[in-house]
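Spelled out from the first residue to the last, the chains are:
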Amino acid sequence: MSLNQHRAPLFEAVRQYAGTVRAAMHIPGHKLGRAAPAEWGEFMGPGALSIDLTEAPGLDDLHAPEGVIAEAQALAAEAFGSESSFFLVGGTTAGLHALILTACRPGDLVAVPRHAHRSVLGAMILSGARPTWVRAEFHEELDIAMGPDPQSLENALVGAKAAVLVHPTYYGIACRMSEAIAQIHRHGLPALVDEAHGSHFAFHPALPPSALSLCADGVVQSIHKTGGSLTQSSICHLGRQSRLNEQRLRAMLRLVQSTSPSYLLMSSLDVARRELALHGRENWDRAIELARCTRQKLAALRGISLVESSDPTKVLINVTRRGLTGFQASEALWSHGVAVESAGLGYVLAVLTPGDSAETADTLVNAVAALPDGPGAPARPPEPPWPETVLPPRDAYLGAQESVPLAQSVGRIAAELVAPYPPGIPVVAPGERLTVDVVAYLRHAVAAGHHLQGPADPQLTSIQVVKE
Ligand SMILES: Cc1ncc(COP(=O)(O)O)c(C=O)c1O
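What you are looking at is a predicted structure, and each value in this text was computed from that prediction instead of being measured. (Residues numbered from 1 in each chain as written. Predicted model: local features only at pLDDT ≥ 70, side-chain atom pairs only at ≥ 80, totals over all residues. Heavy atoms only, no water.)

S.K.: Please give an account of the sheet that holds strand 8 (residues 218-221) that cites residues and values.
M.R.: Overall, mixed pairing links the seven strands, which are arranged 1-9-8-7-6-2-3 in an open sheet. The sheet is open, and its two borders are formed by strand 1 (84-88) and strand 3 (130-134), each paired with just one other strand. Here the average twist between neighbouring strands, direction ignored, is 20 degrees. Summarising the sheet, strand 7 (residues 191-194) and strand 8 pair through three bridges and their orientation is parallel. Across the sheet, the residue bridging to Leu192 is Gly218, located in strand 8. Of the strands in this sheet, strand 1, strand 6 (162-166), strand 7, strand 8 and strand 9 (234-238) are in contact with helix 4 (residues 91-103), which crosses strand 8 at around 165 degrees. Its contacts with the sheet place helix 9 (residues 246-256) against strand 1 and strand 9, and it is angled at close to 5 degrees to strand 1. (Pairing = 2+ DSSP bridges. Helix = DSSP H or I, 4+ residues; strand = E, 2+ residues; numbered from the N terminus. Axes fitted to C-alpha atoms, helices over the stretch in contact; angles between N-to-C directions. Contact = heavy atoms within 4.5 Å.)

This is how it looks when you write it as structure tokens:
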């Protein structure tokens, strides 16, 4: 197959199909937008709805690609530097599920950073693999994980079948990736990298190296986060000389993905790849320069400091010396029409991309300058306790369970995840023992107003535990 990065074969094919078909006697029932509610049709425009298709003549099949999807995926493989690439319509979540299902059989151990996204825990539940948790190193002032502790990673690799890395973190921090991948390879294991926030890395030399360039075995990227495609569209890549079996990965992708993959999402991946391949360097030049100027202006503001990040476009703003929590700062910024990516106890996170301009960046700077002084930010909470794992996550999550008041849960085995967000690191995961310390920490998190990810009862007056 001869590859030409100027082409977007999947987008070209759907557009041509929409212009050619005379009687679309197939689903989706809105028939290229003709039966869509008028307000929706008008808002979306005729183009978007006309390519909201499933398999149709000439449009190939995501689950057995031989035509335009195969071609688009081959172009993505070349552009991102993989052996082969697979389009995802269920986000990076689906890709991480598929990678771990590929690398692990039920009962296998896998080294997982405790600060990994909850989709990795979901993969443990689906696959029956058991996590050996790797401790994170934390930023000295803010409650954010920087990367895996090397000794903890080394310990977790013994007896494992694979290891997961997060590159970069949600905050754009990319710590010692090359060393961590080499460490995993010394144990003969596949390195599975959650690169949800790094789909732009391969296209600019001022950004951290991409996991594929560091010989990762399997990588998943949310192209929708920074790569310019539509929300929910991601790519799963196999590295060159990957230790993973490609046929098994294909089978797992068939298992976890929809049988009606959206052509709107997939063609957005195709055009995002073309844009990155042809103009990624210049687009990200602009974004990086804009981020550099914005950082300079922000750092000059009273009571504001910035966290150094390997990806300068992730602007992590420390507001503690304004006496504010990040939650308060985020609300104040929103009153100026500025919506940040997230807020934590002491910070807000702003993400800049080629979609930003001097105007949006200055709106951010002016709103941060106008932040009021607060009564004093709360102290950083202590590191969460480290519960004992008693059961595999799968058994605890899928087995018989009951709800008990949190106050009466000490000694029981958790059947659900509880992760105060941000930072989203589990305080307890399914299969772990609830201790006095764990319950006290959870109560503290609820009292501090953290949003809790995972529990059936969002107020956590009760918690799901394994039925005894
Ligand atoms: C680090 C990380 N990994 C994985 C995911 C899941 O990605 P997606 O939303 O594309 O499913 C996220 C989502 O925010 C994330 O932050």
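S.K.: How would you explain the site of the ligand if you had to name every residue and give the values?
M.R.: In the vicinity of the ligand, the contacting residues are Gly91, Thr92, Thr93, His117, Asp194, Ala196, His197, Ser222, His224, Lys225 and Ser234. Within the side chain of Asp194, one N or O atom sits 2.5 Å away from a nitrogen atom of the ligand. Within the side chain of His224, a nitrogen or oxygen atom sits 2.8 Å from an oxygen atom of the ligand. Listing elements by their share of the shell around the ligand, those giving two or more residues are helix 4 and helix 8 (223-227). Among the elements that take part in the shell around the ligand, helix 4 stands out by supplying three residues, more than any other. The residue makeup of the shell around the ligand, split by class, is one nonpolar, eight polar and two charged. (Near = heavy atom within 4 Å. Polar contact = N/O pair within 3.5 Å; in protein donor to acceptor, adjacent residues only side chain to side chain. Nonpolar A, V, L, I, M, F, W, Y, C, P; charged D, E, K, R; others polar.)

S.K.: Could you give an account of the sheet that holds strand 10 (residues 305-307), with specific residues and numbers?
M.R.: Read from one edge of the open sheet, four strands run 10-11-13-12, paired in antiparallel fashion. Of all the strands in the sheet, just strand 10 and strand 12 (342-343) have a single pairing partner and so form its edges. Bridge count between strand 11 (residues 314-318) and strand 13 (residues 347-351): five bridges; the pairing is antiparallel. Considered in strand 13, the bridge of Lys314 is made with Val351.

S.K.: Which residues make up helix 5 (residues 118-127), and what are the values?
M.R.: Buried residues dominate helix 5, accounting for eight of its ten residues. Of the surrounding elements, those touching the buried residues of helix 5 are helix 4, strand 2 (109-113), strand 3, strand 6 and helix 13 (393-398). Looking one or two residues past helix 5, Gly128 carries a phi angle of roughly 80 degrees, positive in sign. (Buried < 20%, exposed > 50% of the residue type's maximum accessible area, 1.4 Å probe, protein only.)

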